[in-house]
Amino acid sequence: MTTLSLTVEVAPKQARTYFTVPFQVPEGVATLTLRYRYERRPAVLTPTSGGVFTARPEVNVIDLGLIAPDGSQVGASGSDKTEITVSATRATPGYRPTPIVAGEWRILVGAYKVAPEGVTIKYEIVFTVKQRRLFLGDLHTHTLASDGVHTAHELAIKARRHGLDFVAITDHNQTIARAALPQVDGVTLIPGIEWTHYAGHANFLGSERPYDGVFATQALSDVQARFASARERGALIVVNHPLDESCPFTFDLATLSFDALEVWNGPMREANLRAVGLWQQWLSAGRRVPIVGGSDYHRDTPFIFLGGPTTGVYADSEGEADILAAVRAGRSFLTFAPNGPTVALSAGDAGLGEVAPWPRVKTLRIVAGGLASGDVVRVVTAVGATALFTAPEAGDVALDYLVEAPGFARIEILRVFIPGVPPLPALLSNPIYFEATSNENHPGAAEP
Ligand SMILES: [Zn+2]
Ligand SMILES: [Zn+2]
């Protein structure tokens, strides 16, 4: 937490004018709190018979507003509020949630009333810094705007009750504008669209308008144009349920650019396991594509629920941009439910989705939480899967695994959900990549 203090002197001739006071926001700020004080109603004491009367005439009135580096008005609150707070996901009423980007912000000063001797305003700006931690969410949901049964607000409330921090709203072929999404404390709603075609579905996340015109396309070139437009407008592009029985993704993936593969759509089943197999082939061939999960929630059914599966991301804040950056980087794992197991991986300085220099770094450190009795933790590399640990009872485990060849290493936690039925993944992690460095050929140069 850092604090900036600013003192502003206002002269009587500035009364009934507006001006701005600039201040610098550093990198990595999560929330900004701005408070100010000045002598609004000084005490004027008058002796009266048997006592003292204290008059409090209003001699100064200073209004407040906040302007972002791009010149947009974050909010304005007249002279009513003397403290406001803004972050990417929340803001004091009268202000809009805004990412606290680095750069020159400005306080809007409205000198509505100024005493003949002028007034001194003391501003205090408090920054809280971003801190990377685990956030849980669902990246694939439908509302009443397509064929779901809940409003976005109802989904957000439900998400919060189930312990989710973010939900992407991905209705078929239509978006809900960011400004139209409800503000629900504790839940980040991410605007998105499930571009839905008879020949394949893809989620475009974090863009209100990923392409112009209609969704419907005939030629592959039109599909490519939708993807290219979404990419240009900053959307995170996910190829959905690629091997689904009823709506597989049949466009040629080699001709489309995308950011992630949804290998886990709704309940774990054959189509998802085959998608994991496809992804494993890509990884083994040296292709680095992060995976995501999404419940494809429309309404409750015996097997479909919000957060089934949940994507756990290690993000710098709960803001949309930070969540999506973590998804894009593969700093994430998929777990069967909001209360499913969790995992953190590291190898030297590298974390999930990152690259470790092999053989200088050969140890994969695994910390798995929320295991149930009988859960099997296994590591998967290009060579195959190796079981590392079977939980004797509910608990957490920390393990080290020696990575014997460059490539990738990822974690699966298998669980028997129904006695007598073979185990299914309760968790799938993205990999850490082990990249052969020149040290490999010059062992003498390797650090210990
Ligand atoms: Zn779909
Ligand atoms: Zn869907």
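Because the structure is a prediction, the values reported are computed rather than measured. (Residues numbered from 1 in each chain as written. Chains lettered and ligands numbered in written order. Predicted model: local features only at pLDDT ≥ 70, side-chain atom pairs only at ≥ 80, totals over all residues.)

Enquirer: Break down the overall build of the chain for me, with residues and values.
Expert: Scanning the chain from N- to C-terminus turns up four helices and 29 strands. Counting only C-alpha atoms and orienting by the principal axes, one finds that the chain spans roughly 95 × 60 × 45 Å. Taken over 448 residues, the chain has a buried fraction of 39%. Within the chain, contacts between residues separated by at least 24 positions form 64% of all contacts whose residues are at least 6 apart in sequence. (Helix = DSSP H or I, 4+ residues; strand = E, 2+ residues; numbered from the N terminus. Buried ≥ 20, exposed ≤ 12 C-beta atoms within 10 Å, placed from the backbone. Contact = placed C-beta atoms within 7 Å.)

Enquirer: How would you explain the sheet that holds strand β21 (residues 350-351) if you had to name every residue and give the values?
Expert: Strand order across the open sheet formed by four strands is β21-β20-β23-β26, with antiparallel pairing between neighbours. Every interior strand has two partners, whereas the edge strands, β21 and β26 (395-402), have only one. In the sheet, strand β23 (residues 363-371) pairs with β26 via seven bridges, with the strands oriented antiparallel. In the strand pairing of β26, Ile-366 is matched with Leu-399. (Pairing = 2+ DSSP bridges.)

Enquirer: Break down the sheet that holds strand β7 (residues 73-78) for me, with residues and values.
Expert: Taking strand neighbours across the sheet as the criterion, the four strands line up as β2-β9-β6-β7 in an open arrangement whose pairing is antiparallel. Since the sheet does not close on itself, it has two edges, and those belong to β2 (17-25) and β7, each with one partner. Across the sheet, the mean angle from the axis of one strand to that of its neighbour is 20°, orientation sign disregarded. (Axes fitted to C-alpha atoms, helices over the stretch in contact; angles between N-to-C directions.)

Enquirer: Can you break down helix α3 (residues 270-284) residue by residue, with the values?
Expert: With 15 residues, α3 extends 21 Å between its outermost C-alpha atoms, agreeing within 8% with the 21 Å of an ideal straight helix rising 1.5 Å per residue. For α3, the set of buried residues is Asn-272, Ala-275, Val-276, Trp-279 and Leu-283. Down the axis of α3, the buried set is contained in an arc of 100°. They therefore lie on one face. Set apart from the buried face of α3 by more than 90 degrees, the exposed residues are Glu-270, Gly-277 and Gln-281. Of the surrounding elements, those touching the buried residues of α3 are β16 (260-265), β17 (291-294), β27 (407-415) and β28 (424-429). Phi for Gly-286, located one or two positions after α3, is positive at around 90°. (Expected span 1.5 Å × (residues − 1). Arc of directions from axis to C-beta.)

Enquirer: Account for helix α1 (residues 152-161), naming residues and giving values.
Expert: Residues of α1 that are buried include every one of Ala-152, Leu-155, Ala-156, Lys-158 and Ala-159, and no others. Around the axis of α1, the buried residues are gathered within 165° of arc, so they sit on the same side. Buried residues belonging to α1 abut β11 (133-141), β12 (166-172) and β13 (188-197).

Enquirer: So, the environment of Phe-204: which residues are in play, and what are the values?
Expert: Mapped onto the fold, Phe-204 is located in strand β14 (residues 200-205). Along the sequence, Phe-204 and Gly-319 sit 115 residues apart, while their C-alpha atoms lie 17 Å from each other. In contact with Phe-204, other than residues within four places in its own chain, are Gly-192, Ile-193, Trp-195, Pro-210, Ala-230, Ala-235 and Ile-237.

Enquirer: Describe the nonpolar core, with residues and values.
Expert: If you look at the biggest cluster of nonpolar residues, it comprises 78 residues, and the most contacted ones within it are Val-167, Ile-190, Leu-205, Ile-323, Leu-364 and Ile-432. Built from parts of two domains, this core gets at least three residues from each of domain 2 (140-328) and domain 3 (341-448). Membership of the second largest hydrophobic core comes to 22 residues, among which are Ala-68, Ile-107, Ala-111 and Val-119. (Core = buried A, V, L, I, M, F, W, Y, C linked by C-beta atoms within 7 Å. Domains from an automatic or database assignment.)

Enquirer: Can you lay out the domain arrangement of the chain for me, pointing to particular residues and giving the numbers?
Expert: The domain architecture assigned to the chain consists of domain 1 (2-129), domain 2 (140-328) and domain 3 (341-448). One C-alpha centre belongs to domain 1, the other to domain 2, and the line joining them spans 41 Å. Counted by class, the side of domain 1 that touches domain 2 contains four nonpolar, two polar and one charged residues. (Nonpolar A, V, L, I, M, F, W, Y, C, P; charged D, E, K, R; others polar.)

Enquirer: Tell me about unusual backbone geometry, and name the residues and values.
Expert: In this chain, Gly-308 is followed by Pro-309 through a cis amide linkage whose omega measures 5°. Within the secondary structure layout, Pro-309 lies in the loop between β17 and β18 (310-315). In the Ramachandran plot, Arg-16 falls in the positive-phi region, its phi being about 65° despite a non-glycine side chain. By C-beta crowding, Arg-16 is classed as exposed, having 10 other C-beta atoms within 10 Å. One non-glycine residue, Asn-173, lies in positive phi territory at about 55°. Within the fold, Asn-173 resides in the loop between β12 and β13.

Enquirer: Tell me about the pairing of strand β24 (residues 376-381), and name the residues and values.
Expert: Two faces belong to every sheet, and in a regular strand the side chains alternate between them. Here β24 pairs with strand β25 (residues 384-390) via six bridges, running antiparallel. When the sheet's bridge partners are listed, Val-377 is paired in β25 with Phe-389. Hairpin connection from β24 to β25: two residues lie between these consecutive antiparallel strands. With five bridges connecting them, β24 and β27 associate as antiparallel partners.

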